[in-house]
Amino acid sequence: MTEQPTPRTIDLSVEVEGSPEEVWAAIATGPGISSWFVPTTVEEREGGLTTSVFGPGPDMTVPGRVSAWEPPHRVLFEGAEGDEGLAFEWLVEARDGGSCVVRLVNSGFGSGGEWDAQYDGMEQGWRLFLKNLQLHLAHFRGQAGRPMLPQAMWAGDQATVWTAITDALGIPATPAPGERVVAQGDVPPLAGTVVDCEPGFRMSLLLVEPLPGTALIAAEGTGDTTGVSIWMYVYGDEAEAVVARDEPRWMTWMAERGVSAPEGAPVG
């Protein structure tokens, strides 16, 4: 008999602030998910339809469905009807002291080199976004943020591109938590306090400019080109206008320094 390969999953957990109901709103509703991941819509019921927008153009809008809806503890998102695809199960468990553990189980991966690359990229991407989920719930719980998601491909390996992006922004490559950073030069406003940094991979910020919010600066990849992201999530009455003003400028600035602007392959 031929031995079947063991199905692979990404299984990650983070502790976040908030009650189960508050955490549920962040991981199971459209406005909540859009505040720390990508623009998302959710019909809030079992069998409901979902969309996730990873970039411009119709090919970058990914449809899905709600396969399980058990508020405030479990939701399962899968591909659209008839599409086996990937599955994303979210589990919420309350802890003492007003916090919860959020567990993500991402399954449905195949085997082979192409799947290996997708698995590695998604695992790395989810690490980014789960940190952003923590920041959203710690600082903007109950509020809806507007995402601004410029990205591009730059030449060089991950470490080289990390140095290039931080140099281009005029910010330290290895800042300490609590350090204030301000982007320099001909870029839209970007200033905030460093929450943490994994040099060569990502930096998480609490923004003060262009508006209060969160930001992820990241370099992702394992080859001769690396994906660069400067993703921001801003809050307040001016958020929509700021995103409309600044996102095209960021896209142009990044594309001019890179190999090309990507078609927006999902990172999480």
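Residues numbered from 1 in each chain as written. Predicted model: local features only at pLDDT ≥ 70, side-chain atom pairs only at ≥ 80, totals over all residues. Heavy atoms only, no water.

J.: Even after reading the chapter, I still don't get the nonpolar core, so can you show me in this structure?
T.: Proteins that are soluble and globular tend to have nonpolar side chains buried together. The biggest cluster of nonpolar side chains holds 42 residues, and the ones touching the most others in it are Ile-27, Trp-36, Val-75, Trp-90, Trp-126 and Leu-133. Broken down by element, the residue count for this core peaks at 8 residues, all from helix α3 (residues 113-139). Core analysis: the next-biggest nonpolar cluster, separate from the first, contains 31 residues, Met-148, Trp-162, Val-187 and Trp-250 among them. (Core = buried A, V, L, I, M, F, W, Y, C linked by side-chain atoms within 4.5 Å. Buried < 20%, exposed > 50% of the residue type's maximum accessible area, 1.4 Å probe, protein only. Helix = DSSP H or I, 4+ residues; strand = E, 2+ residues; numbered from the N terminus.)

J.: How should the sheet that holds strand β1 (residues 10-17) be read in this particular structure?
T.: Backbone hydrogen bonds hold the strands of a sheet together, and the pairing may be parallel or antiparallel. With antiparallel pairing, 7 strands are arranged side by side in an open sheet as β1-β7-β6-β5-β4-β3-β2. In this open sheet, the two edge strands, each paired with only one partner strand, are β1 and β2 (40-42). Averaged over all pairs of adjacent strands, the angle between strand axes in this sheet comes to 20°, irrespective of strand direction. Bridge analysis of strand β3 (residues 49-53) against strand β4 (residues 61-70) gives 5 bridges, and the strand direction is antiparallel. Bridge pairing in β4 places Ser-52 opposite Val-62. Packed on one face of the sheet, helix α1 (residues 20-28) meets β1, β2, β4, β5 (74-79), β6 (87-95) and β7 (99-107) and runs near 5° to β5. (Pairing = 2+ DSSP bridges. Axes fitted to C-alpha atoms, helices over the stretch in contact; angles between N-to-C directions. Contact = heavy atoms within 4.5 Å.)

J.: What should I look at first to understand the environment of Pro-210 in this one?
T.: Structurally, the position occupied by Pro-210 is in the loop between β12 (202-209) and β13 (213-220). Of the residues examined, Pro-210 reaches a relative accessible area of 15% and is grouped as buried. For the pair Pro-210 and Ser-52, spaced 158 residues apart in sequence, the C-alpha to C-alpha distance is 25 Å. Dropping the residues within four chain positions of it, Pro-210 is found in contact with Met-148, Pro-189, Met-232, Val-234, Val-242, Arg-245 and Asp-246.

J.: Would you mind going over helix α5 (residues 239-257) with me for this structure?
T.: Since the α-helix advances by 3.6 residues per turn, residues separated by three or four positions end up pointing in the same direction. If you check α5, its first and last C-alpha atoms are 27 Å apart, about what 19 residues at 1.5 Å a residue would give, namely 27 Å. Of all the bends in α5, the greatest, near 30°, is centred on Asp-246, and the proline Pro-248 appears no more than four residues after it. Restricting attention to buried positions, one finds in α5 the residues Ala-239, Val-242, Val-243, Asp-246, Trp-250, Trp-253 and Met-254. Turning to α5, the residues buried within the fold contact β8 (146-148), β9 (151-155), α4 (158-169) and β14 (225-234). (Expected span 1.5 Å × (residues − 1). Bend = angle between axes of the 7 residues up to and from the residue.)

J.: Would you mind going over the pairing of β13 with me for this structure?
T.: β13 sits mainly inside the fold: 8 of its 8 residues count as buried. Of the two faces of β13, the one carrying Gly-213, Ala-215, Ile-217 and Ala-219 and the one carrying Thr-214, Leu-216, Ala-218 and Glu-220 are both buried. Where β12 lies against β13, 6 bridges are found, and the strand directions are antiparallel. Each residue of the ladder has a partner; that of Met-203, found in β13, is Ile-217. Once β12 ends, the chain turns through 3 residues before running back antiparallel as β13. Following β13, the chain reverses through 4 residues before pairing antiparallel with β14; Gly-221 in that reversal takes a positive phi of roughly 155°.

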